[in-house]
Amino acid sequence: METLEVQLDSYPDGSVEARNFRISSASVPEPGPGEVLVHLRRLGLNAGLANRIGGPDTDYGPGIHPGDVPASDGVIEVIHSRNAAFKAGDLAVRKSPWRGVDVATADELRIISAVDSDIPLESHLTILGHVGFTAYTGMVHVGGVQATDTVFVSGAAGGVGSCAVQFAKAIGASVVGSAGTAEKVHLLTQELSADAAFNHHDGPAAELLRGAAPDGINLFYDNVGGEQLEAALEVLRFRGRAVICGAASQYGKGGDRRGPANYTRLIYQELTLRGFTVTAHEDLRGEFEARVTQWLREGKVHSVHTVVDGFSHIPDAFASLLSGGNTGRMMVDCDS
Ligand SMILES: NC(=O)c1ccc[n+]([C@@H]2O[C@H](COP(=O)([O-])OP(=O)(O)OC[C@H]3O[C@@H](n4cnc5c(N)ncnc54)[C@H](OP(=O)(O)O)[C@@H]3O)[C@@H](O)[C@H]2O)c1
């Protein structure tokens, strides 16, 4: 059987462009015992893949060189199975090579339950995917969000942040979000139901946060660190909690990474800062999937994504992602 795949064709000269990739035909081998033949239906794209082009192999994945087929998470449909645990028509999430039809082993597939067939496929790469699971773990379990909380989410329009805002709202909390453009601030208040939002480029973060939450906050969900972490420590009420999920503003700074200069607020305000790593909380996955699926059905939360139609447009979609042409997760509908 023949299929199409996307290969890196050349190293970029500056930013990655669609012409750095080529669409090639490839032969698909017969699945062996225990393997399944899968068809790629939705492909999620990550900007981080660009860092691996021409780079060394790292914990995040192998370096990508001309002739290589990149891989990112996708929703696949089983078209032929030689494994008793799968049958044709089953849907699953897989780290998928950018290839239309492929052979997969069972341990690569996280099956999507048949009872979830009314849930749009895109949701499995966003709010029910890795970013959703991260936000649920951090907001619900580490942060213990309550309906009575006033929550501040930094990086609130990003993958994790947009889910964290929605989960806190679904539980009934008041939510303030920060983001880096007027469009993202609009998304937060108009589409994600945040009670207030500010653009962190508009002035000192502590002033902006005080303006958006004049009575203070009692839970902070941090994706970016730096100045916004310091601002939150200023505005957290007595016995407030902070969940340290990420520190996007500090990545790549090496030894110049900045911690909060006002950490003594932890003493006087009896604050708690708690970090977490989502991979240590796999036991929560069943609860997460059941609860977020219910919220999706009730219309309390939704997937935030931009879809580009057609497998052959994967290179355009990836280049567009790198130049900011997306709201929420960029993905490709490979069915159309
Ligand atoms: N703890 C865990 O297990 C775990 C798991 C997954 C991810 N994470 C972390 O969670 C965070 C969010 O991940 P994600 O996938 O949602 O990434 P993302 O979509 O790229 O969101 C990160 C946001 O950070 C903001 N940002 C980047 N640089 C900034 C800077 N210098 N100053 C202020 N804001 C900045 C950007 O927002 P604006 O453009 O709006 O400013 C961006 O939307 C990351 O820090 C990631 O490392 C943690």
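Residues numbered from 1 in each chain as written. Predicted model: local features only at pLDDT ≥ 70, side-chain atom pairs only at ≥ 80, totals over all residues. Heavy atoms only, no water.

**Here we look at the packing of aromatic side chains**
Then step 1. Considering all chains together, one arrives at ten aromatic pairs under this definition.
Then step 2. For the pair tryptophan 98 and phenylalanine 318, a centre-to-centre distance of 5.6 Å together with 70 degrees between the ring planes defines the contact as edge-to-face. Placement of tryptophan 98 in the loop between β5 (91-97) and β6 (101-105) and of phenylalanine 318 in helix α9 (residues 314-322) is noted, with a sequence separation of 220 residues between them.
Then step 3. With relative accessibility at 1%, the residue phenylalanine 318 sits in the buried group.
Then step 4. Between the aromatic rings of phenylalanine 152 and phenylalanine 220, the centroid separation amounts to 5.0 Å while the plane-to-plane angle is 10 degrees, which identifies the pairing as stacked. Highlighted residues: phenylalanine 152 in strand β8 (residues 150-153) and phenylalanine 220 in strand β11 (residues 217-222), separated in sequence by 68 residues.
Then step 5. In textbook terms, an aromatic cluster arises when at least three aromatic residues are bridged by ring pairs, as seen for Phe133, Tyr136, Phe167, Phe288 and Trp295.
Then step 6. Positioned above the aromatic ring of phenylalanine 133, the side-chain terminus of arginine 285 is 4.3 Å from the ring centre. (Phe/Tyr/Trp six-rings, centres within 6.5 Å; stacked < 30°, edge-to-face > 60°. Helix = DSSP H or I, 4+ residues; strand = E, 2+ residues; numbered from the N terminus. Buried < 20%, exposed > 50% of the residue type's maximum accessible area, 1.4 Å probe, protein only. Lys NZ or Arg CZ within 6 Å of the ring centre and 35° of its normal.)

**A short note on the domain arrangement of the chain**
Then step 1. With domains assigned, the chain is organised as domain 1 (2-126 + 304-333) and domain 2 (130-279).
Then step 2. When each unit is reduced to the centre of its C-alpha atoms, the spacing between domain 1 and domain 2 is 31 Å. (Domains from an automatic or database assignment.)

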